[in-house]
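Residue-level structural notes
Here is what each chain is made of, one letter per residue.
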Amino acid sequence: MLRNDIGIFTEKGGTIAYLLSKKGIVVVDAEFPEQSKHLIDELKKQSSKSFDLLINTHHHGDHTAGNISFKGIVQDVAAHTNSLVNQKNVAVNQKSEDKQLYPNITYNDSWSYKIGEEHIQTYYFGPAHTNGDSIIHFQHGNIAHMGDLVFNRRWAFIDRSAGASVKNWITVLDKTISTFDNETIFVFGHAFDPEKITGNKDDLKAMRDYLSNMLTFVEKQIKSGKSKDEILKEKSIPGVTEWQGDGIERGLQASFEELSNTIV
Ligand SMILES: [Zn+2]
Ligand SMILES: [Zn+2]
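Thresholds, definitions, all that
- Residues numbered from 1 in each chain as written.
- Chains lettered and ligands numbered in written order.
- Predicted model: local features only at pLDDT ≥ 70, side-chain atom pairs only at ≥ 80, totals over all residues.
- Heavy atoms only, no water.
- Helix = DSSP H or I, 4+ residues; strand = E, 2+ residues; numbered from the N terminus.
- Rg over C-alpha atoms; globule rule 2.2 N^0.38 Å.
- Buried < 20%, exposed > 50% of the residue type's maximum accessible area, 1.4 Å probe, protein only.
- Contact = heavy atoms within 4.5 Å.
- Areas by Shrake-Rupley, 256 points an atom, 1.4 Å probe, with all protein chains shown as cover.
- Lys, Arg positive; Asp, Glu negative; His and termini not counted.
- Charge placed at Lys NZ, Arg CZ, Asp CG, Glu CD.
- Expected span 1.5 Å × (residues − 1).
- Pairing = 2+ DSSP bridges.
- Axes fitted to C-alpha atoms, helices over the stretch in contact; angles between N-to-C directions.
- Donors = N, O, S within 2.8 Å, 3.2 Å for Na, K, Ca; no water.
- Tetrahedral: all angles 85-135°; square planar, octahedral: opposite > 155°, others 65-115°.
- Core = buried A, V, L, I, M, F, W, Y, C linked by side-chain atoms within 4.5 Å.

1. Overview of the overall build of the protein
Secondary structure assignment for the protein yields 7 helices and 14 strands. Taking 2.2 N^0.38 as the reference for a compact globule, 264 residues should give roughly 18 Å; the C-alpha atoms of the protein span a radius of gyration of 18 Å, in line with that estimate. Dimensions along the principal axes, computed over C-alpha positions, put the protein at roughly 60 × 45 × 30 Å. Each of the 264 residues in the protein was classed as buried or not, and the buried ones make up 54%. Across the protein, every contact between residues at least 6 apart in sequence was considered, and the portion connecting residues at least 24 apart equals 64%. For the protein, the accessible surface area stands at approximately 11800 Å², while carbon and sulfur atoms represent 47% of it. Between the centroid of the 29 positive side chains of the protein and the centroid of its 35 negative side chains there is a distance of 2 Å.

This is the structure in structure tokens:
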């Protein structure tokens, strides 16, 4: 548990947050089918209340593939409008529509939901990791699930095929920093170090600075005449010292394509 009756669950995929209130259970994100089954079994041991709501921070399979385990169990599934569109597009392409549980509630800029003494508020600040990332804030517990808007100290995946924008991602993080206070506990979709799956505003600032340094670096490289292949071979980004793991090239490629307006 993180604070009050709100906890997190991690096994494989994007971090799950849950609320075990006296009125019912709310879950944010669902990892994969096997993992969400484990979570449901565990929560059933801890509470006899019903599963009232599942919210997806965005459509990626490591956050929504587990929705299917909630079929017939959860009352409502909610997500940003673009998250549903993206989830459907991917499922149609991969012929996996029968393995999906789609949101029956969609929202745009914001949406709120009250359960017991907890008030859940969603925020959407435009394209970033995809074009459908929302922040889910438990106001009473003051815990905000960032989905994949933060890859904490780990090279980020940036999904241009789903409308991502590095430039606006920086703006999204600035807006997030000014929206929440210093007591807010943030939950991150992914982190290099499992202990860094939650954090504070300093982690949001560090994520913003990584994206900003990367964009500036790639822009300089393009202006100095470097080719895409040369840029993708870079093993470090000036000013970014804490980010690690595999996949530095994913961000470099996304930045290059965004800056040169290449169609993927
Ligand atoms: Zn993820
Ligand atoms: Zn994602």
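Still more to cover.
2. Considering helix α7 (residues 248–260)
Three or four residues apart is the spacing at which side chains of an α-helix point the same way, because the helix has 3.6 residues per turn. In a regular helix each residue adds 1.5 Å, so 13 residues correspond to 18 Å; α7 covers 19 Å between its end C-alpha atoms and thus fits that length. Elements that come into contact with the buried residues of α7 comprise α4 (166–179), α5 (201–223) and α6 (228–232). Positioned one or two residues after α7, N261 has a phi angle of 50°, which is positive.

3. Digging into the sheet that holds strand β4 (residues 51–55)
Strand order in this open sheet of 6 strands is β1-β2-β3-β4-β5-β6, and the pairing throughout is mixed. A strand with exactly one partner marks an edge of an open sheet, and here the two such strands are β1 (6–9) and β6 (105–107). On average, each strand axis in the sheet is tilted by 20° relative to the strand beside it, whichever way the strands run. Here 4 bridges tie strand β3 (residues 25–28) to β4, and the two strands are oriented parallel to one another. Residue V26 lies in a different strand from β4, and its bridge partner there is L53. Where helix α1 (residues 33–46) meets the sheet, its contacts fall on β1, β2 (16–20), β3 and β4, and the angle it forms with β2 comes to roughly 20°.

4. Concerning the side chain of S36
On the secondary structure map, S36 appears in helix α1. We classify S36 as buried; its relative accessible area is 0%. Not counting chain neighbours up to four residues away, the residues in contact with S36 comprise A30, G66, S69 and F70.

5. A word on the coordination of the zinc ion (ligand 2)
Only H58 (NE2), H60 (ND1), H129 (NE2) and D148 (OD) from the protein coordinate the zinc ion (ligand 2), and they sit 2.1 to 2.2 Å from it. Geometry at the zinc ion (ligand 2) is irregular, judged from its 4 donor atoms and the angles of 90 to 166° they form at the metal. Here the donor residues for the zinc ion (ligand 2) map to a single chain with the spacing H-x1-H-x68-H-x18-D.

6. Examining the coordination of the zinc ion (ligand 1)
Metal coordination angles in their ideal form are 109.5 degrees for the four-donor tetrahedron and 90 or 180 degrees for the six-donor octahedron. Looking at the zinc ion (ligand 1), the protein donor atoms are D62 (OD), H63 (NE2), D148 (OD) and H190 (NE2), and they sit 2.0 to 2.2 Å from it. Coordination at the zinc ion (ligand 1) is irregular: its 4 donor atoms span angles of 88 to 162° at the metal. The distance between the zinc ion (ligand 1) and the zinc ion (ligand 2) comes to 3.5 Å, with D148 serving as a donor to both metals. Note that D148 is positioned in the loop between β10 (143–145) and β11 (151–152) and H190 in strand β13 (residues 190–191), a separation of 42 residues in sequence. Accessibility expressed as a relative area gives 9% for H190, which makes it buried.

7. Looking at the nonpolar core
Considering soluble globular proteins, one finds that nonpolar side chains tend to be buried as a cluster. Within the largest apolar cluster, 38 residues are counted, with the highest numbers of intra-cluster contacts made by M146, W169, M207, Y210, L211 and M214. Going through the elements one at a time, α4, α5 and α7 are the ones with two or more residues in this core. With 9 residues, the single largest contributor to this core is α5. Counting residues in hydrophobic clusters, the runner-up holds 18 residues, among them A17, V28, I143 and I185.

8. Concerning α5
The end-to-end C-alpha distance of α5 is 33 Å, a good match for the 33 Å that 23 residues give at a rise of 1.5 Å each. Considered for burial, the residues of α5 that qualify are K201, D203, L204, A206, M207, Y210, L211, M214, L215, F217, V218 and Q221. Looking at the buried positions of α5, the neighbouring elements they touch are β11, α4, β12 (185–187), β14 (198–199), α6 and α7. G225, located one to two residues past α5, shows a positive phi value of around 90°.

9. Some thoughts on the sheet that holds β12
The sheet built from 6 strands is open, its strands ordered β7-β8-β9-β10-β12-β14 with mixed pairing. At either end of the open sheet lies a strand with only one pairing partner, and these are β7 (110–115) and β14. As defined by bridge partners, β10 adjoins β12 across 3 bridges and the pair is classed as parallel. When the bridges of β12 are listed, A144 appears paired with F186.

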